[in-house]
Amino acid sequence: MELNTGDTAFMLIATALVMFMTPGLALFYGGLVRSKNVLATIMQSFFCLGIVSLIWVVYGYSLAFGPDVGNVIGNLDFVFLNNVSWETGTGRTIPDILFCAFQLMFAIITPALITGAFAERMKFSAYLLFISAWVTLVYFPVCHWVWGGGWLADMGALDFAGGTVIHINSGAAALVCAIVIGKRRGYGRDAIHPNNLPMTVLGAAILWIGWFGFNAGSALTAGPIAALALMTTQLAAGVGALGWVLAEWKIQGRPTTLGAASGAVAGLVAITPGCGFVTPVWAVVIGGVAGVLCYLGIILKTKIGYDDALDVVAVHGLGGLWGALATGIFASVGAKGLLYGNPHQLTVQAIGAGAAIFYSVVVTFVILKVIDAIVGLRVDSEGEQQGLDVVEHSEVGYSI
Amino acid sequence: MDKADTAFILASAGLVLLMTPGLALFYGGMVRDKNVLGTIMQSLFMIALISIEWVYLGYSMSFGPDVGGVIGDLSWFGLKGVTGSPSPDYATTIPQTVFMVYQCMFAVITPALITGAFAERVRFVPFLVFSVLWAVLVYNPVCHWVWGKGGWLGRLGVLDFAGGLVVHLTCGAAALAGVLVLGARKGFGRVSFMPHNLPMTVLGTGLLWFGWFGFNGGSALAADEIAATAFVATHFAGMTGMLAWVVMEWVVRGKATTLGAASGAVSGLATITPAAGFVGPNSAIMIGAIAGIVCYLAVSMKGRIGFDDSLDVVGIHGVGGVIGTLCLGIFASTQVNPGGVDGLLAGSSAQLGKQALGVAVVGGYAFIVSWLLFKVVHAVLGMRLSDEAEAQGMDLTEHSETAYNN
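Residues numbered from 1 in each chain as written. Chains lettered and ligands numbered in written order. Predicted model: local features only at pLDDT ≥ 70, side-chain atom pairs only at ≥ 80, totals over all residues.

Right, let's get into the overall build of chain B. When you go through chain B residue by residue, the secondary structure sums to 15 helices and two strands. Computed over C-alpha atoms, the radius of gyration of chain B comes to 20 Å, within 12% of the 22 Å expected from 2.2 N^0.38 for 406 residues, which places it in the range of a compact globule. For chain B, the spread of C-alpha atoms along the three principal axes comes to 55 × 50 × 40 Å. Long-range pairs, those at least 24 residues apart, make up 76% of the contacts in chain B between residues at least 6 apart in sequence. (Helix = DSSP H or I, 4+ residues; strand = E, 2+ residues; numbered from the N terminus. Rg over C-alpha atoms; globule rule 2.2 N^0.38 Å. Contact = placed C-beta atoms within 7 Å.)

See the structure below:
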């Protein structure tokens, strides 16, 4: 197709916005840990910009978006971005290379999301191996299934901007990580307080603005669907914050800043798969339910007792799952959900979510076990006591 | 006029503006807590100071009607004649006001970049005087030579996509001059200066990386294939710059650091700047890797030579600007940008010679004039803080503030 400068302008900016989410996430997570681990936590998100970008060029884009092999994976035609041109490709009005860059930003942030589950205790070397293996064996295949012409796409699963590919996928992996790696020293016994909540709020704000690029940009064109996605994104985020804060006010007695930040992210996660398929009114419902549901997920975590340090499972896993199902219920724009007379869509959504959860859980488990056998996943007990910043990076976050 | 191009350059101008506060935080996190506000101020205040200079002198000197290939005349003083209709010479599909304000953001961040070299030891008012004079005598002429219509380096065929010469080499050369003239901080080499807030530096890095998409992508001045090429090259060079730097320090010093990741990313981003719209993604990956390795070595050498380039402006922007400008002559390809040139690897050696000339001329000019300027301003106004003020910290002595009051 002919290049459209309007679409290209929009997608250039959207891609930049999605890139910006990864440093945003680094600060969001960085503020939540103890000050002795702030840099290591930041690094585990930020460094994905390096490692995942490299893998993406070498073979990642090809596996995810290369010509389909058996409905499960792309072939190797696009290795080293061979055959990816700066001209427009088939069916798109933007340069191929720009689409490749836009999708790269999603591949970067997804493994970075998982790092919240094993915060404050993983070795940097083990982290590098984990990220490399996980994007290769989990992200690229699942991305291909949903967006690259794989079997979930064929089945008609709806995922506008990555509810299944990104959030369910990372949330399921996070659960396995938290369980396999084990609790932090003193978890449940000592109080573990966030070191810098203003930094977390700043991170949440960067995520929120970046999410407009994430969701609206997923329209791949500057048209009415992008506008709809932007509006639904905004509503779900705002109402998500509201839902979470009201729930914790009711249950714990106080509305918190952390609750507002987490609730906004929960709303954003939940609207991601449906943002271009649902009307604004349903976006309010999706966001509000997400805020309450994800908050309850955290209470449940404390009851069960696994140490998902920064609540990736509750926010991204649970929020993503709700969003995927909600899309099957409320979709009315460009697809029909349960409420619009198509119960089949909900079934398809459930199958997609179930497949992603199952696949991600199994493969993540195997990856972790293998890495544990090779280099060991955790820093030793003394190192954990001292903090990862000094032990793993020879740095300290603050000298104030 | 193209509405999409206009939308893109407006958004890009916003992104490039955001780089200056980003730089303020990047630098602010690396100094000691008693100097964080003074350091932030030296970057942030450029938005005001240089924007004013740009309206009355800078834009006209840089892009106004050419005088002898060396400078624009002052006929656009106060933006006279700069309107919402496109210029016939620059960015012909967008309003000239948009081009003007986009270029303004480049003029703003360049003197702000220099401030990292003399961080923690310079008085505010003499610094402001220096910065305005520097913009007038160094930035505007060099900008005209390279990008102005009729500028002599541009006419010779020296290429600079988004500012390797105009931005990074000029500020790197000025930084070197500043370190030589102003000397080291008290206690340099004896006590270790610990960065006081590295998360803030990472925030700054994130803002810079984000803004750099506007800086390099926007330099296509249209929302087209070239913008996409530059955008992608930018990201990939930032990526390999970060990886290469971290690998180097891991090998040499035994640990991968957050500061290394941040510095490496900026080195890759700075280095790809001149070449961004002329090279393909795989070349950008090479350029970023070269940047990470060479800039790391340059920065480690600093300690041995005994230069107190406090926040590594010479090692990252100066060295990066040189490498990137030369790399353009090596990696450029007309298959990527039909309006560009072929470099050494595409079988043409001519461009590399032109690029080397550009480096020599711009580096030499910026260094000499900056050195003279530092000497003059220092002699007349005294740029250094008194020993006592330096010990107390510039936040208190220069601005009567303290950053953290816990």
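From this point, things continue past the structure.
On to the overall build of chain A. Scanning chain A for helices and strands turns up 15 helices and two strands. Its C-alpha radius of gyration of 20 Å places chain A within 12% of the 21 Å reference for a compact globule of 400 residues. Referenced to the eigenvectors of the C-alpha coordinate spread, the extents of chain A come out at roughly 60 × 50 × 40 Å. Burial statistics for chain A: of 400 residues in total, 64% are counted as buried. Long-range contacts, defined as pairs at least 24 residues apart, comprise 75% of the intrachain contacts of chain A with a sequence gap of at least 6. (Buried ≥ 20, exposed ≤ 12 C-beta atoms within 10 Å, placed from the backbone.)

Now for the environment of Tyr-61 of chain A. Along the chain, the position of Tyr-61 of chain A falls in helix H3 (residues 48-65). Each C-alpha atom of the pair Tyr-61 of chain A and Leu-129 of chain A lies 19 Å from the other, and the pair is 68 residues apart in sequence.

Right, let's talk about the interface of chain B and chain A for a bit. At the interface, 45 residues of chain B touch 43 residues of chain A. Of all the secondary-structure elements, those providing two or more residues to the side of chain B that touches chain A are helix H1 (3-30), helix H8 (198-217), helix H9 (225-253), helix H10 (258-272) and helix H11 (281-305) of chain B. Considering every element that reaches the side of chain B that touches chain A, the biggest residue donor is H9 of chain B, with eleven residues. For the side of chain B that touches chain A, a count of residues per class yields 30 nonpolar, nine polar and six charged. (Nonpolar A, V, L, I, M, F, W, Y, C, P; charged D, E, K, R; others polar.)

On to the packing of helix H7 (residues 164-182) of chain B against helix H12 (residues 313-331) of chain B, then. A pair of packed helices is captured by two measures, namely the crossing angle of their axes and the spacing between those axes. Residues and elements named next belong to chain B. As a packed pair, H7 and H12 sit with axes 8 Å apart at the nearest point and diverge in direction by 140°. Here H7 is positioned oblique relative to H12, judged by the angle of their axes. Judged by the sense of rotation from one axis to the other, the crossing of H7 with H12 is left-handed. Here H7 contributes Gly-164, Leu-165, His-168, Leu-169, Cys-171, Gly-172, Ala-173, Ala-175 and Leu-176 to the contact with H12, which in turn contributes Val-313, Val-314, His-317, Gly-318, Val-319, Gly-320, Gly-321, Val-322, Gly-324 and Thr-325. Residue classes in the contact of H7 with H12 are distributed as ten nonpolar, nine polar and no charged. (Axes fitted to C-alpha atoms, helices over the stretch in contact; angles between N-to-C directions. Parallel < 35°, antiparallel > 145°, perpendicular 65-115°, else oblique. Left-handed = near helix turned anticlockwise from the far one by under 90°.)

Turning to the packing of helix H4 (residues 96-114) of chain A against helix H5 (residues 124-147) of chain A, a few remarks are in order. All names here are of chain A. It is the contact of H4 with H5, at a shortest axis distance of 10 Å, that shows an interaxial angle of 115°. Judged by the sense of rotation from one axis to the other, the crossing of H4 with H5 is right-handed. Across from Ala-107, Thr-110 and Pro-111 in H4, the residues of H5 making contact are Ile-131, Trp-134, Val-135 and Tyr-139. Of the residues in the contact of H4 with H5, the class split is six nonpolar, one polar and no charged.

Turning to the environment of Val-146 of chain B, a few remarks are in order. Residues and elements named next belong to chain B. Among the structural elements, Val-146 can be located in helix H5 (residues 124-147). The class of Val-146 is buried, set by 24 C-beta atoms lying within 10 Å. Val-146 sits 84 residues away from Ser-62 along the chain, and the two C-alpha atoms are 9.3 Å apart. Apart from the residues lying within four places of it in its own chain, the contact partners of Val-146 are Gly-151, Leu-153, Gly-154, Val-158, Asp-160, Leu-165 and Val-166.

With that settled, the discussion passes to unusual backbone geometry. For Phe-80 of chain A, which is not glycine, the phi dihedral falls at a positive 55°. Tracing the backbone through its elements, the reader meets Phe-80 of chain A in the loop between strand E2 (73-74) and H4. Residues other than glycine seldom take positive phi values, yet Glu-120 of chain B does so here, at roughly 75°. Along the chain, Glu-120 of chain B turns up in the loop between helix H4 (96-114) and H5. Assessed through the 23 C-beta atoms surrounding it within 10 Å, Glu-120 of chain B is described here as buried.

Maximum bend of H5 of chain A: about 40°, positioned at Val-135 of chain A. Two residues or fewer past H5 of chain A, Gly-149 of chain A is found with a positive phi of approximately 90°. (Bend = angle between axes of the 7 residues up to and from the residue.)

So, on to the environment of Ser-394 of chain A. Note that Ser-394 of chain A resides in the segment after helix H15 (388-393). A C-alpha to C-alpha distance of 47 Å links Ser-394 of chain A and Ala-157 of chain A, two positions 237 residues apart in sequence. Ignoring sequence-local partners within four residues, the contact set of Ser-394 of chain A consists of Lys-255 and Thr-257 of chain B.

A separate point is the nonpolar core. By size, the foremost hydrophobic cluster in this structure holds 318 residues, and its most contacted members are Leu-12 and Ile-286 of chain A together with Ala-275 of chain B. Per-element tally for this core: the top contributor is helix H1 (residues 5-32) of chain A, with 18 residues. Filtering out sequence-adjacent residues up to four positions away, Ala-275 of chain B remains in contact with Phe-161, Ile-287, Gly-324, Cys-327, Leu-328, Phe-331 and Ala-332 of chain B. (Core = buried A, V, L, I, M, F, W, Y, C linked by C-beta atoms within 7 Å.)

Take the confidence of the model for chain B next. On average, residues of chain B score 97 in pLDDT, and 100% of them reach the 70 mark or higher. Predicted complex, confidence summary: ipTM 0.96, pTM 0.97. (pLDDT = per-residue confidence, 0-100.)

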